[in-house]
Amino acid sequence: MRTRMPAQSDLTPPDVTDIEAVIRPFLALEGPLLPMLHALQEAYGYVPESAYAPLCAALNITRAELKGVLSFYHDFRTRPSGKHVLKICRAEACQAMGATAMADRLLKKLGLEWHGTTANGAVTVEPVYCLGLCACAPAAMVDGKVIGRVGDARLDTVLAEVGA
Amino acid sequence: MKIYVPMDSAAKALGADDVAGVLAAEAQKRGLEVEIIRNGTRGMIWLEPLVEIEKDGVRQAYGPIAPTDVGALLDGRVDTHGSVEDIPFFARQTRLTFARCGLTDPLSIADYEAHGGLEGLKRAIAMSQDAIIDEVKLSGLRGRGGAGFPTGIKWDTVRLAHAPQKYIVCNADEGDSGTFADRMIMEGDPFTLIEGMTIAGIGCGATKGYIYIRSEYPDAIAVMSRAVEIARAAGVLGVDILGSGKAFDMEVRTGAGAYVCGEETSLLNSLEGKRGVVRAKPPLPALEGFLGRPTVVNNVISLATVPVIFAKGAEHYASFGLGRSKGTMPIQIAGNVKFGGLFETAFGMPLGELVNTVAGGTATGRPVKAVQVGGPLGAYLHPDQFDTPFGYEEFDGQKALIGHAGIVVFDDSADMLSMARFAMEFCAVESCGKCTPCRIGAVRGVETIDRIAEGDTGAIELLTDLCEVMTDGSLCALGGFTPFPVMSALRHFPEDFAPQKEAAE
Ligand SMILES: Cc1cc2nc3c(=O)[nH]c(=O)nc-3n(C[C@H](O)[C@H](O)[C@H](O)COP(=O)(O)O)c2cc1C
Ligand code: FES
């Protein structure tokens, strides 16, 4: 969610030892799965498939249960995202300040749909439903950094910064 | 000289970090002795970054301040608003829950105590569990998460349940568009929430708490996590709270981007590491909640209001408000408004006064067309309904709800058919999938509204019927309340659903 790690290549997924080191600190928690998935995503930018077996073994859950959880939540990825993630608020207060048209222009300019990643892998654009910045709408977030009253010009600056 | 620069994420979103950075550099260059304090926001977002300079014990407010204004600010060449307390938007408020927010350093427990913090907890420690619950009942506090259920009754159910372990779970999922009160208090006065949860723990006999914060709030997560560590080190949390021999501790947990996880049973499943699907009630979470054990689930504002109730007394709190809506509500003013921000006031202010006077009308200067109150599941109100006083029953009487008290203002460029369609689309995206009326109904709702947009007026009856099914048949208020925005848009703005619209375009 914060600064993305350079996404690990799919060819060299983290091995069991790496995975176990990431999830171990959470073993004693009540309901440890979400904290583990967040930690894995923080470390690798996504939840790699090589983590499934160690997670299932550690928590005594089935692969189906794990995949059910992974697919339920919008946050968890099973593939790397772009190097940066730009989230644009689509919710009502931002719509009242022109967010819909702004997002449409952005996506068109990048030639993307929601959740799409630019061809150079620099940025993934995702919808978000409220960032709690509704009194300074429209709102956006780049890698965990918030931006209020965002407009076309500001988005251009952001895109330049992330190398899109 | 002390200089306050908010670290609230709305202030940051408008450049507060840059302002603080330039201030520090400029002060050093000038050899000025300044202490920069990163406070919470005072809630007047249109003035952010709102910088306060304290000289001889008096704080003067300046804002909005851009990094390029910093030189002039230090030269004394920027006009002041005077003290924050004199700014009309602030002066009209009754700040009970948010009394300290923006005033103090959010992570200084000494500052917290100097401004009345921990007084409520100290009083509660000396009371019996019975007396604690009675105090909450007497205050008239109702859940601020949306449903408005009396907090004291919920606590009593948990207190009376027998179990080796009980929990206090704070619902900080705040997914409603137009709301940010939870975020603001977690970033601006986190110890209030910790104190409120601790009082709840003592009152109900729960020794463990969780704060479930949505992942969209990284700043709130960071501040809250740090505050918990500080409170633990200061003996406010732990096995011997303030030397009382009573135990309570808590953990911060992060959501994963699912709106429905704000629904309490879905939240509990998520906390347990499961898919965030809604559970059928009964059993109530108060009896079988987290890991099947008795659990209080309360909204951030409900819990953060508890300390002031104990510090000032239940009667004091209950003396504010209207009818069965007792106390104050932090109303969040958002969307297309001139003066957006947080406005805490006693229940009872008419909606029109909030929109036209407090919020100053629209930012665009165009006429107000509609106001959505209570998030994506709340109704759109028409200016004809502006006399409605802000209260649970009063809004109910208008087929509307106050929810978490976010009000989102739209000007006359809003197309209400699109807003109705969005409500259905949102429900379809966020449905947990457990019940059919919500999972399928929302998808059919989008399609039906598209038919209306294409001029098929017969589909209006179908939409009305579908909304009835969703209202009556959904397991939770996601599917059950999506008809509020849809039907209110249809009822109050029929012209936006009429076929000539298409022809005129
Ligand atoms: C779809 C849905 C989303 C909800 N989201 C929230 C939320 O974000 N925060 C919250 O406090 N309550 C939310 N609620 C209400 C909770 O189910 C529950 O009533 C509340 O947490 C109880 O706390 P309170 O009594 O202090 O309000 C939501 C309900 C539904 C149906
Ligand atoms: S609606 Fe966009 S930030 Fe709240």
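Predicted, not measured: the structure shown is a model, and the values here were computed from it.

A. Region of the structure containing the side chain of Thr-192 of chain B. All names here are of chain B. Residue placement: Thr-192 occurs in helix α10 (residues 190-204). A polar contact of 3.2 Å, which involves the side chain of Thr-192, links it to the side chain of Arg-100. In contact with Thr-192, not counting residues within four places along its chain, are Arg-100, Tyr-112, Leu-303, Ala-304 and Pro-307.

B. Summary view of empty space enclosed by the protein. Scanning the model with the defined rule gives 6 cavities of 30 Å³ or more in all. Volume-wise, the largest cavity comes out at about 50 Å³. Here the lining of the largest cavity is composed, by residue class, of 8 nonpolar, 2 polar and 1 charged.

C. Spotlight on the interface of chain B and chain A. With 63 residues of chain B in contact, the opposing surface of chain A contributes 39 residues. For the pair chain B and chain A, the summed buried area comes to about 3800 Å², and 59% of that belongs to carbon and sulfur atoms. Seen at the junction of chain B and chain A, the total is 2 salt bridges. A salt bridge links Arg-90 of chain A to Glu-425 of chain B, with the nearest nitrogen and oxygen atoms 3.4 Å apart. For the pair chain B and chain A, the number of links is 24 residue pairs in polar contact (both at pLDDT 80 or more). With 6 residues, the single largest contributor to the side of chain B that touches chain A is helix α17 (residues 416-430) of chain B.

D. How the structure looks around the sheet that holds strand β1 (residues 84-89) of chain A. All names here are of chain A. Ordered in space as β2-β1-β3-β4, the 4 strands form an open sheet in which the pairing is mixed. The outermost strands of the open sheet, each flanked by one partner alone, are β2 (123-128) and β4 (145-147). Here the strands of the sheet are splayed against their neighbours by 20 degrees on average, with no regard to which way each runs. Pairing of strand β3 (residues 140-142) with β4 involves 3 bridges; the strand directions are antiparallel. What sits directly across from Ala-140, in β4, is Ile-147. Against the sheet, helix α6 (residues 99-110) touches β1 and β2, its axis set at about 150 degrees to β1. Lying over the sheet, helix α7 (residues 152-162) contacts β1, β2, β3 and β4, oriented at roughly 165 degrees with respect to β1.

E. Representation of the domain arrangement of chain B within the structure. Residues and elements named next belong to chain B. Each domain of chain B was delimited in the assignment, giving domain 1 (2-89), domain 2 (109-318), domain 3 (322-411) and domain 4 (416-504). One C-alpha centre belongs to domain 2, the other to domain 3; they are set 26 Å apart. Counting residues at the interface gives 22 residues for domain 2 and 24 residues for domain 3. Together domain 2 and domain 3 conceal approximately 1700 Å² of surface at their shared face, both sides included; 61% is due to carbon and sulfur atoms.

F. Structural context of the domain arrangement of chain A. Domain boundaries assigned for chain A yield domain 1 (8-72) and domain 2 (84-162). Between domain 1 of chain A and domain 2 of chain A, the C-alpha centre-to-centre distance is 29 Å.

G. Spatial organisation of the site of ligand 1. Residue and element names in this part refer to chain B. In the region of ligand 1, 19 residues are neighbours, and Gly-145, Asn-171, Asn-298, Asn-299 and Ser-302 sit closest. Interatomic distance of 3.3 Å between a backbone N/O atom of Arg-144 and an oxygen atom of ligand 1. At 2.9 Å from an oxygen atom of ligand 1 is found a side-chain nitrogen or oxygen belonging to Asn-171. Bound to the protein, ligand 1 loses 91% of the 610 Å² it would expose on its own. Those elements that place two or more of their residues in the shell around ligand 1 are β8 (295-299) and α20 (477-481).

H. Structural detail: the confidence of the model for chain A. Per-residue confidence for chain A gives a mean pLDDT of 93; residues scoring 70 or more make up 93%. Taken as a whole, residues 1-10 of chain A scores under 50 in pLDDT and shows 26 contacts with residues more than four places along the chain or in a different chain.

I. Quick peek at the UniProt feature "binding site: [2Fe-2S] cluster" (unreviewed entry) in chain A. Residue and element names in this part refer to chain A. UniProt feature "binding site: [2Fe-2S] cluster" (unreviewed entry): in the numbering of this structure it lies at Cys-89, Cys-94, Cys-130 and Cys-134. The named residues occupy 46 residues along the chain; their greatest pairwise C-alpha distance, 9.4 Å, places them in one compact cluster. One can find Cys-94 in helix α5 (residues 92-95). If near-sequence neighbours (up to four positions away) are discounted, Cys-94 is found in contact with Cys-89, Ala-99, Ala-137, Pro-138 and Ala-139.

J. Structural context of the nonpolar core. Counting residues in each nonpolar core, the largest one holds 156 residues, and the members touching the most others are Leu-37 and Leu-40 of chain A together with Trp-155 of chain B. Examining the composition of this core, we find that 9 residues originate from one element, α17 of chain B, more than from any other. Excluding residues within four positions of it along the chain, Trp-155 of chain B makes contact with Ile-132, Ile-133, Val-136, Gly-196, Ile-199, Ala-200, Cys-204, Val-296, Asn-298, Leu-303 and Val-306 of chain B. Listed in part, the 34 residues of the second largest apolar core include Leu-47, Met-329, Leu-354 and Tyr-392 of chain B.

K. Representation of the sheet that holds strand β14 (residues 380-381) of chain B within the structure. All names here are of chain B. The 5 strands lie next to each other as β12-β11-β15-β13-β14, forming an open sheet whose pairing is mixed. Only two strands of the sheet have a single neighbouring strand rather than two, namely β12 (341-346) and β14. Sheet analysis places strand β13 (residues 368-373) next to β14, joined by 2 bridges and oriented antiparallel. Bridge pairing links Gln-372 to Tyr-380 in β14.

L. Expanded view of the packing of α10 of chain B against helix α13 (residues 300-312) of chain B. All names here are of chain B. Between α10 and α13, whose axes approach to 7 Å, the crossing angle comes to 80 degrees. Accordingly, the angle class assigned to the pair α10 and α13 is roughly perpendicular. Seen from α10, the contacting residues are Thr-192, Leu-193, Glu-195, Gly-196, Met-197, Ile-199 and Ala-200; seen from α13, they are Val-300, Leu-303, Ala-304, Val-306, Pro-307 and Phe-310. A per-class count over the contact of α10 with α13 returns 10 nonpolar, 2 polar and 1 charged.

M. A look at the pairing of strand β7 (residues 249-254) of chain B. All names here are of chain B. Two elements, strand β6 (residues 208-213) and β7, share 6 bridges in a ladder whose sense is parallel. Within the sheet, the bridge partner assigned to Gly-209 lies in β7 and is Met-250. Taken together, β6, helix α11 (residues 218-233) and β7 constitute a β-α-β crossover, and its handedness is right-handed.

N. Summary view of the packing of aromatic side chains. For the coordinates displayed, the defined rule picks out 17 aromatic pairs over all chains. With a centroid separation of 4.9 Å and an interplanar angle of 80 degrees, the aromatic rings of Tyr-167 of chain B and Phe-290 of chain B are classed as edge-to-face. In this pair, Tyr-167 of chain B sits in strand β5 (residues 167-172) while Phe-290 of chain B sits in the loop between α12 (264-271) and β8, placing the two residues 123 residues apart along the sequence. With relative accessibility at 0%, the residue Tyr-167 of chain B sits in the buried group. Put simply, the rings of Tyr-129 of chain A together with Tyr-259, Phe-422 and Phe-426 of chain B touch in pairs and so form one group of aromatic residues. Just above the ring of Tyr-4 of chain B sits the side chain of Arg-59 of chain B; from NZ or CZ to the centre is 3.6 Å. Between Arg-214 of chain B and the ring centre of Tyr-217 of chain B, over which it is positioned, the NZ or CZ distance is 4.8 Å.

O. Layout of helix α19 (residues 459-473) of chain B. All names here are of chain B. Taking 1.5 Å of rise per residue, 15 residues should cover 21 Å, and α19 covers 21 Å from first to last C-alpha, within 8% of that figure. Looking at α19, one finds that the buried residues are Ala-459, Leu-463, Leu-466, Cys-467 and Met-470. The buried residues of α19 all sit within an arc of 105 degrees when viewed along its axis, so they share a single face. Facing away from the buried side of α19 by over 90 degrees, the exposed positions are Glu-461 and Asp-472.

Criteria and thresholds
The written sequence of each chain sets the order in which its residues are numbered from 1. Ligands are numbered from 1 and chains lettered from A, in the order in which they are written. For a predicted model such as this one, the threshold for reporting local features is a pLDDT of at least 70, and the threshold for listing and counting side-chain atom pairs is 80 or more; totals across whole chains, interfaces and linings nevertheless cover every residue. Side-chain metrics in this entry use all non-hydrogen atoms of the structure; hydrogen atoms and water are not considered. Under the DSSP-based scheme used, a helix requires at least four consecutive residues in state H or I and a strand at least two consecutive residues in state E, with every element numbered from the N terminus. Think of a polar contact as two N or O atoms within 3.5 Å of one another; within protein, one of them needs to be a possible hydrogen donor and the other a possible acceptor, and neighboring residues in sequence only count if both atoms come from side chains. Contacts are residue-level and defined by heavy atoms, with any inter-residue pair within 4.5 Å sufficient. Of the grid points, spaced at 1 Å and generated over the protein atoms alone, those admitting a 1.4 Å probe that cannot get out make up cavities, while open sets with protein on both sides within 12 Å along at least five of seven lines make up pockets; any residue with an atom within 4 Å of a point is treated as lining. Grid points are joined across faces, edges and corners, and a volume is the space filled by probe spheres set on the points. Basically, the charged four are Asp, Glu, Lys and Arg, the nonpolar ten are Ala, Val, Leu, Ile, Met, Phe, Trp, Tyr, Cys and Pro, and anything else, Gly included, counts as polar. When two parts are put together, the accessible area they lose, computed with a 1.4 Å probe and summed over both, is reported as buried area. Criterion for a salt bridge: a side-chain nitrogen of Lys or Arg within 4 Å of a carboxyl oxygen of Asp or Glu. Only strands joined by at least two bridges in the DSSP assignment are considered to pair. Comment: axis = line fitted to C-alpha atoms, over the contacting stretch for helices; angle = value between 0 and 180 degrees taken between N-to-C directions. Throughout, the edges of the domains are those of an automatic or database domain assignment. In these notes, residues near a molecule or strand are those with any non-hydrogen atom within 4 Å of it. Shrake-Rupley sampling with a 1.4 Å probe provides the accessible areas, and residues are treated as covered by the protein chains on show and by no other component. pLDDT measures how confident the predictor is about each residue, on a scale from 0 to 100. UniProt positions are given in the numbering used here, feature names are shortened, and annotations may be inferred rather than shown by experiment. What makes a nonpolar core is a set of buried Ala, Val, Leu, Ile, Met, Phe, Trp, Tyr and Cys residues whose side-chain atoms join them at distances within 4.5 Å. Classification of residues uses two cut-offs on accessible area relative to the type maximum, computed with a 1.4 Å probe and protein chains only: under 20% is buried, over 50% is exposed, and between them is partly exposed. Orientation categories follow fixed angle ranges, with anything under 35 degrees roughly parallel, anything over 145 roughly antiparallel, 65 to 115 roughly perpendicular, and all other angles oblique. Here the term right-handed applies to a crossover when the path leading from its first strand over the helix to its second strand runs clockwise, the strands being oriented away from the viewer. The aromatic pairing rule takes the rings of Phe, Tyr and Trp, using the six-membered ring of Trp, and pairs them if the centres are within 6.5 Å, calling planes under 30 degrees apart stacked, those over 60 edge-to-face and the rest tilted. Sitting over a ring, as applied to charges here, requires NZ of Lys or CZ of Arg to be within 6 Å of the ring centre and within 35 degrees of the ring normal. Residue count minus one, scaled by 1.5 Å, sets the expected span of a helix. The arc in question is formed by the directions pointing from the helix axis toward the C-beta atoms.

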